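Here are the chains, one letter per residue:
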Amino acid sequence: DQIGMPYKSGGDSPADGGFDCSGLVYYAWKQAGVTTPRSSSAIYTWATKIKKADLEPGDLVFYSSSGSTGSITHVALYAGNGKIIQARKPGVALSENDLATWWTSNLVGYGRVPASAR
C-alpha cells in the first residue's frame, strides 16, 4: 500500500511523510503486530537467516553499500514472485523492484522475522 510514498530519512510511518528502508520494514511488520529493530543492521542481527530458496512474502533482503561482505546498510521486504519493496534513497519513491537484478553485487543475504516475535 505504501508504494509511491516518498523516501524520508528517519521516516517510519505515512504520518512522517515517507519512509527510509528500515522504517518501511518497521512499519510493515508493526501492522502485523510485530515490533522490529529500527536500523537495517540491527534488523539483520535480529532476523533468522534463511536461504534465497526459502523466501516468502514479508521476509527481508539485506544489502551493503560496501559489497556483498560489508556491513548491512539497506534492507528491503520480499513481496513474492521475485520482487522486493523498498525505500531506496532520497528523491526516489518507494518502489517494487526485481530481486534478481537489483544491486546484486551488494546483496548480503536473507532473513525472516523470528518466530518468537510473531
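Here the structure is a predicted model, which means the values were calculated and not measured. (Residues numbered from 1 in each chain as written. Predicted model: local features only at pLDDT ≥ 70, side-chain atom pairs only at ≥ 80, totals over all residues. Heavy atoms only, no water.)

### Comments concerning the sheet that holds strand β3 (residues 48-50)
Phase 1: The sheet built from six strands is open, its strands ordered β3-β8-β4-β5-β6-β7 with antiparallel pairing. One side of each edge strand has no neighbouring strand; the edge strands of this open sheet are β3 and β7 (95-98). The sheet shows a mean angle of 40° between the axes of neighbouring strands, direction not considered.
Phase 2: In this structure, strand β6 (residues 83-86) lies alongside β7, joined through four bridges in antiparallel fashion. By the bridge assignment for β7, Lys83 is matched with Asp98.
Phase 3: Each of β4 (60-63), β5 (74-80) and β6 is contacted by helix α1 (residues 21-31), which is oriented at about 45° to β5, the strand it contacts most. (Pairing = 2+ DSSP bridges. Helix = DSSP H or I, 4+ residues; strand = E, 2+ residues; numbered from the N terminus. Axes fitted to C-alpha atoms, helices over the stretch in contact; angles between N-to-C directions. Contact = heavy atoms within 4.5 Å.)

### Observations concerning the nonpolar core
Phase 1: By size, the foremost hydrophobic cluster in this structure holds 17 residues, and its most contacted members are Val25, Trp29, Leu60, Phe62 and Val75.
Phase 2: Where this core is concerned, the elements lending two or more residues are α1, β4 and β5.
Phase 3: It is α1 that contributes the most residues to this core, five residues altogether.
Phase 4: When neighbours within four sequence positions are excluded, Leu60 is seen to be in contact with Val25, Trp29, Ile43, Ala47, Leu55, Val75, Ala76, Leu77, Gly109, Tyr110 and Gly111.
Phase 5: Judged by nonpolar contacts, the second largest core, of eleven residues, contains Tyr63, Ile84, Leu99 and Trp102. (Core = buried A, V, L, I, M, F, W, Y, C linked by side-chain atoms within 4.5 Å. Buried < 20%, exposed > 50% of the residue type's maximum accessible area, 1.4 Å probe, protein only.)

### Focus: the side chain of Arg112
Phase 1: Tracing the chain through its elements places Arg112 in strand β8 (residues 107-112).
Phase 2: Reaching out from Arg112, the side chain makes a polar contact with the backbone oxygen of Asp54 at a distance of 2.6 Å.
Phase 3: For Arg112, the side chain forms a polar contact with the side chain of Asp59, separated by 2.8 Å.
Phase 4: If we ignore the near neighbours within four places in the chain, the residues touching Arg112 are Ala47, Thr48, Ile50, Asp54, Leu55, Glu56, Asp59 and Arg118. (Polar contact = N/O pair within 3.5 Å; in protein donor to acceptor, adjacent residues only side chain to side chain.)

### A few points about α1
Phase 1: Burial within α1 is extensive, with eight of its eleven residues counted as buried.
Phase 2: Looking only at α1, the buried set comprises Cys21, Ser22, Gly23, Leu24, Val25, Tyr26, Tyr27 and Trp29.
Phase 3: At its buried positions, α1 is contacted by β1 (12-13), β2 (18-19), α2 (40-46), β4, β5 and β6.
Phase 4: At the exit of α1 stands Gly33, carrying a positive phi of roughly 85°.

### With respect to the pattern of salt bridges
Phase 1: Within this structure, the stated rule accounts for five salt bridges.
Phase 2: Arg38 is the partner of Asp20 in a salt bridge, and the nearest nitrogen-oxygen pair spans 3.1 Å. Taken together, the residues Asp20 in the loop between β2 and α1 and Arg38 in the loop between α1 and α2 connect sequence positions 18 residues apart.
Phase 3: A residue is classified by how much of its surface remains accessible, and Asp20, at 11% relative accessible area, is buried.
Phase 4: Its salt-bridge partner being Lys83, residue Asp98 comes within 2.5 Å of it at the nearest N-O pair. Taken together, the positions of Asp98 in strand β7 and Lys83 in strand β6 put the pair 15 residues apart, joining distant regions of the chain.
Phase 5: Taking relative accessible area as the criterion, Asp98 reaches 35% and is therefore assigned partly exposed. (Salt bridge = Lys/Arg side-chain N within 4 Å of Asp/Glu carboxyl O.)

Remember that the coordinates give geometry; whether it matters functionally is a separate question.
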